[in-house]
Every structure is written in C-alpha cells, then in structure tokens.
Amino acid sequence: TIVPPTNHCQTMLRRIAQKNPGPLICRRAAKCNNQASRHVTTSVSYGDKKTSYRRERDDGALTQSSERYSSSGAALHTVPAHHNFLDDIILRERSNDVVNPFLNRDKTHNDDGGFLELFKAISTLNNRHHDFNPTLSMSMNFPDTEIYAGEEEEEVEEAVTSSGADIEKAEIKLQVDDPPVQDTVISLSKRLDKALKESCVESVLEAFEQERASAENELSDKQLERIITFLADHDVAMSFEATKYHAQKCNAEGRMAPLFLYHYMMSGLKNCFSQNEVEKLVVDIQEHIIEEYSDGKKAVYKYILLPQLAQTVARLKYNDCARPLVEYFLDEKFPLLNPDIHDSLLKTAWRPPFAREDWTPALPYHRLLSELVACGHRPKPEVVQRVLHTYYPYRDLDATTEILSSIQQLYHYEDHPYNYSVDCGTLETISILVSKRGSIDLSLLIIEMAESFGYNISESMFEDVILSFAASRQVPQCLGALVDMETKGHVHSRELLRKVAKKLSYDDKRLRYTQHILTGNDNGNILSTATLNSLMMGYGMKKNIQAAFDVFDSFPELGLKRDSNTVTFLMEILYFSTKQRFGRRLYATDSLRPEDVNDVIGEIDIVLSTMKEEDIEATRHFYHEYVRLLCSLGLFEDGKLALEEAVSNNIKLQVGTIFLLSVQCAHRGHFDMAKDVARLSVAAGCGKQPTLIRRINNLQNQALGVWGKTKEAIDEQS
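Reading the values: the criteria
- The residue numbering used here restarts from 1 in each chain and proceeds along that chain's sequence as written.
- Local features in this predicted model are restricted to residues whose pLDDT is 70 or higher, and side-chain atom pairs enter the listing and the counts only when it is 80 or higher, whereas totals over whole chains, interfaces and linings include all residues.
- As a convention, hydrogens and water are excluded, and side-chain values are obtained from all of the structure's heavy atoms.
- A side-chain nitrogen of Lys or Arg and a carboxyl oxygen of Asp or Glu constitute a salt bridge if their distance falls within 4 Å.
- Helical segments are the DSSP runs of H or I of at least four residues, strand segments are the runs of E of at least two, and each set is numbered from the N terminus.
- Among buried residues, those of type Ala, Val, Leu, Ile, Met, Phe, Trp, Tyr and Cys that are joined through side-chain atoms within 4.5 Å constitute a nonpolar core.
- Under the scheme applied here, a residue whose accessible area is under 20% of the maximum for its type counts as buried, over 50% as exposed, and between as partly exposed, the area being computed with a 1.4 Å probe on protein chains only.
- Here, residues are in contact when the closest pair of their heavy atoms is within 4.5 Å.
- By definition, no residue in a patch forms a salt bridge, and every one has over 30% relative accessible area; like charges are joined within 9 Å, nonpolar side chains (Val, Leu, Ile, Met, Phe, Trp, Tyr) within 5 Å.
- Surface accessibility follows the Shrake-Rupley procedure with a 1.4 Å probe radius. Residue values consider only the protein chains on display as shielding.
- Residues counted as positive are Lys and Arg, residues counted as negative are Asp and Glu, and His and the chain ends are not counted.
- Lysine's charge is taken at NZ, arginine's at CZ, aspartate's at CG and glutamate's at CD.
- For the purposes of these results, a polar contact is taken to be a pair of N or O atoms within 3.5 Å, where, inside protein, one atom must be able to donate a hydrogen and its partner to accept one; residues adjacent in sequence count only when each atom of the pair is a side-chain atom.

A.B. asks: Teacher, can you tell me more about the pattern of salt bridges here?
C.D. replies: For side chains of opposite charge, pairing can occur when their charged atoms come near one another. On inspection of all chains with the given rule, the structure shows 20 salt bridges. Salt-bridge contacts for E495 lead to R494; the nearest nitrogen and oxygen are separated by 4.0 Å. Note that E572 is salt-bridged to R498, the shortest N-O span being 2.3 Å. One end of the pair, E572, is in helix α23 (residues 564-582); the other, R498, is in helix α19 (residues 494-504), and 74 residues separate them in sequence. The network of salt bridges with shared partners includes R494, E495, R498, E572, E625 and R628.

A.B. asks: Before we go on, may I ask you to explain unusual backbone geometry in this structure?
C.D. replies: When glycine is set aside, most residues are seen to have a negative phi, and most peptide bonds are trans. Cis geometry is found at the peptide bond from Y392 to P393, where omega equals 5°. Summarising the element assignment, P393 is placed in the loop between α13 (381-390) and α14 (397-412). A positive phi angle, close to 55°, is found at K333, a residue other than glycine. Note on placement: K333 falls in the loop between α10 (319-331) and α11 (339-346).

A.B. asks: Sorry, what's going on with the nonpolar core here?
C.D. replies: Soluble, globular proteins show a tendency: their nonpolar side chains are buried together. Core analysis: the largest hydrophobic core is formed by 154 residues, its most contacted members being L404, I407, I604 and F622. The residues contacting I407, other than those within four sequence positions of it, are V384, L388, Y420, V422, M449 and F453. Ranked by size, the runner-up nonpolar core spans 17 residues in total, among them L188, A195, L219 and I228.

A.B. asks: I'm lost on a positive patch on the surface in this one. Help?
C.D. replies: Taken together, the side chains of R315, K347, K380 and R386 make up a positively charged region of the molecular surface. Mapping K347 onto the fold places it in the loop between α11 and α12 (365-374). Of the residues examined, K347 reaches a relative accessible area of 47% and is grouped as partly exposed.

A.B. asks: Would you explain the side chain of T610 in this entry?
C.D. replies: Its location among the elements puts T610 in helix α24 (residues 594-613). Among the polar contacts listed, one links the side chain of T610 to the backbone oxygen of I606, at a separation of 2.8 Å. Ignoring anything within four residues of it in the chain, the contact list for T610 reads F552, R562 and I616.

Given below as structure tokens:
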C-alpha cells in the first residue's frame, strides 16, 4: 500500500508547473530479488479507486488488473526493475533555475487527497507542452512505500508517465521490458559476491557451474578471476577448471588470460592431499598449457609457466612429478627466461644416506646445471657441490662429465667471488670408478681439472688414465701415458702393468701391432721398460712363450734395462708354460719326468743369471712366482732354500708365499718341512700364523689315519 504524499508535495508540484512548464522526471531506486518464479504484487489505492500490479518472474512478463478512472485516457508505465537508478530524487527541467522541492519537505504534513492532486498536476503540466517527448518518463519517489511479496519485503521501482489527458478518465496500464537473462545476471553476480564474502565454497562452485553451463557469458572477467583465486586455496582442481574456462573465453575473444591466475592456481597445489592427486593435476595442467599456448607469441606463456610449475612441484618434494616437466622444457630447448627457477631446482638435489648404488636422481640436475652455466649464470658453490655428490658413485658417466665440465667452466670465470674447486679426494674417487668403464674423456678431464686447481697429479690418476686408454683400445695413447707417468717420477705398479697386458692380450693382432710400434723408428714417446714389460706379459697371458722370450731378449737391442718387473713377469710366464706343457696342477701328487724338470730348471737359471748380471734386485713378488714355479715342479727343498735366502736378505715376503710352500709340503707328506717353513713367517715379516700350524696338523692327522687303516688291512690280508 502506498501512503499518499503530503500537501506540501502537491503544492510544490503545482508551483513548478506554473513557473516553468516542461517534462518533470523523478526516479526512485529499487532493489530486485534474484530468485526465479516469484510473484510481486503492488497495490495503489485512493478512496474507492484501486490499482494492483503483479510481477511474474517465471516468464518475465508484468501483468496488471486495473480499474478505470473517469477522467482521462492517460497511460501509466513502470520502468524495468533491473535499471540501476539513484536513490535520491532527480528533478529535470528545461531551465536551470528549478529547485528540488523534496530536499526540505516537511514529513509531518499529510493529505488524504494528495495522490489525486498529484496526477492532476502532472496532467496540467503536460497539456501545456504538446512537444513533450513521449519516450521520457516521469517517475515519482514515494518515501513511505511498502511492497509485499509473499513473506518477504521488496522494493519495486515504479515510474509514472502522463500524456496530457485528464487523469480522471485515464485507463491505468503497465508495459515492462524485463528480460529474464538480465535478471539472472544480477542474481548470479550478487550470489557470487555473497558467497565470496562468506567464503562459502559450495556456493562459489555452484555459481561457477551455472556460469559454465550458461550459453552466454554472465560473469565478468574480474568475477572469474575472483573465483580462481578463491578456489586456489580451497579446491585447486576446480580452480584449474575455472582457469581453463577463463582461458577459453579469452581465446575466443582474441586475447590471453592474465598470467597471475596461473600462478595463483599453481600455488594451490600445496593443498593437495596425496602425490597421486598432484601427479594427475600436473599432467592436466601441462597438457592444457601446451595445447593452449604453443602458437606464435602465445608460446611465451609456455616458456614461463612450465618451468614455474616444475619449480612449484619440486618445492613440494614431488620430484617424480616434476621430472617429466623438466625433461620436456629441456628437450624442447626453452629459452632461459628466469635463471632463478633452474637455481631453485638445483637446490632440491640430494642423495638419501642409505641409497643403493644403482640409485639415480629424480631430476636431470646435470642438464639443468649445464644450461644454467651456458647462459652465464653463476650458482653458488655449495649448490654445485651438492649436485656433484648427488651422482655418487658416478655410474652415469655422461652426467658426471657434464657436471665436471660445468664446474671447470665456472672456475675459469674471473668476474665472480666464488671458488668452484673440487677437492682432490673427490677427483681421485671419480677417476678410480671411471677407469673401470673406460671413459677416457672423463679421465683426461679430471687430470686437466686437477692441474687447474693446483693439485699434483697422483699416481692413482695416472693409472686411471692409462687404464681408460687401454679399455678403449687406444694403444699408442696408453703406451704414451705409461711413459709420461714414468717421466713424472712415478713408479709403475706390477698390477698396473698386468692390467695393461691383459687388455693387450685380448687379440693377437693387437699384440703384434703393439710390438710393431714399439720396435719401429718413431717410437721415442712410447718406448720404455714398462711398455716392453706389458708387451712381454701380454704374450705370456696368450701362452706364446717363444714370443715372450723374444721380447725379453730385445731389451738390450732397444737400449733398455730390465727391472724387477721384467724378471717377475718372466717367472710367471714360465709357470704358465709349465702348466701348458705338462698339465701340472698346484697340489699334484704325481712326479714329472726328470728331463722335463731339467728343461724348466734351465730356463730358471737363465733368469737368475740375468738378474745377477744386471744387478736386478729380487722383490717379494719375484720370490712368490719363483716358489710357485718350484712347487709345481715338486722341488720343495729348493723352495725352502729360496725363502731362507729372502729372509736373510731382509725381504718381507707375502703371507701367501709361506702358506703356499707349507701346504704343498704337507700334502706331499713332508710335515716337518712344512712346519719349518711355517716358523719362517715371523722372520719373513708375516707374524705368527697359528691358522697355518693347525692346518698342517689336521693334514697330518688325516694322513696318519689313512696310513694306519692301510697297514691294518695289509696285516689282515697277510
């Protein structure tokens, strides 16, 4: 029910009409309820006259049941409720001297006939101006309006337009253009604002689903952005769906979605409950970015977002999820737009304390470091060292080589305050482990880095380089490294020469090629005693005894002097020859023919006489090979004499030499001699050997038991 206006209002309207006639417009703001299928009824009454308005929200139409007034045929119109009118009263006149009569109205005045007088004033005003634009409408602000809509209260906008006829003969009509879509927009926006203000996730999701299901874009870009940022902290999966929807909407309009929305969405990954959820979501995000931003200038988004996504996942310690992303942008050779992302990924490198030897890092840190250094970025030394130690025990040769190359490149930069040198122990460890794999490039790189860092090249590093050359079948380089090692003052170990000889003995052609280049004219940088010793031992391993003795005889011709390794290898070759010719085993109980034994003794005398002539000092390795050869011939007395000679010369023998001769004597039944040899262990520098004594006693007890049973059997038979 609308309460009639005061007497003061109608008086002021008449004054306006008399003083400055013209169209008068007054607007009143109205609020709209956003719920569908609701009926709003407004009744305007004066005396026994009554007009009712009924708004039906189902079909957007507005109907009215009216009663005729007896005065005019003017029409009454309402302005659509979705218009955003001002709350205060606006008076529009043709001249500028009109004053708003409602600003200082007295609310205490009241007149029951005010409503009819109001319409008469409007009719009089319009009759005086026939050129009044019919499209303009007059709207009156009723300050004490009450509108009833079921159980809820609503304010409904009403606009009144007079046409110049007498108000008493007017027929009241309503014509409203109120499309339901616009009404829905207002409803959806307000419900979204309310849901965001109350942090109601279900309501926000409902609003987004309604927007996505609608055929038209009902929400603005800012509202979608608010949905994305809000859901990033509550439901990152739906935040990603909202981001995809917004990106598709922007793409359809020929523009790109804001970059910060993806940052908000990716930051919500920390709210995921499991790694499986993160993996699934990361795969979907990666596919969306690749599909959406791969053409033209859009690729910049891909270059920025994929590394940032990998960084976000790696910080959550889900390196397995980040690995496909890192490998993708490394394989695609993305431009390095943000080096800090690579640096952040390198900081996640670590090796579990109890990891197995076949453990491999989750991320390709070596490739990240190489690309970072190639672009001129200098990561901190502790980060580089962590990356290097992550690849222990350095089974991945390519990765280790790439990391060391990057470190060397960083070390040679002079415009930074960092020291990227690697400790010598780490370099030696890598060199030892790498030499078994035959990576000559890595071995040489280690030598070069050690020289750059100011370290002295150790004997172990030289040996690793030599073995790497030998494993890669680079015979001249291997022999040259042996000569360089000797030039640096290092002594070749017997085991090193044996390993080189073993590599050379894999093929007869390689042995012949080695002998050819060693005895050729241009052999100054590869010819040495060590190289000939390796060649001679290679022939011995190949069971080519004659060729081995030929190399032994060629030392004086080539101007080289034999050393202890030469005679030691020759004794070992004689042992190989004895097994090959006579099929002797170490613990054989049968005896050789005297002429066969004399042939081997003659060869032994040649070696011993050479040692005496050239003053070659016997070593414990020589005595071991000498005693083993004598034991294979059954010359135990000579073996015992050789040990006594070594003890008298203060040579510390190997424990294996004492065990070998003692056990051989015990197997042949020479228990007293075996115990005498065992007692020489203290004088030979091997210490007491109670285990050896117990073993000799056990063999003796076993032998006596067998002999006693045999004697009893013979007595019974006789």
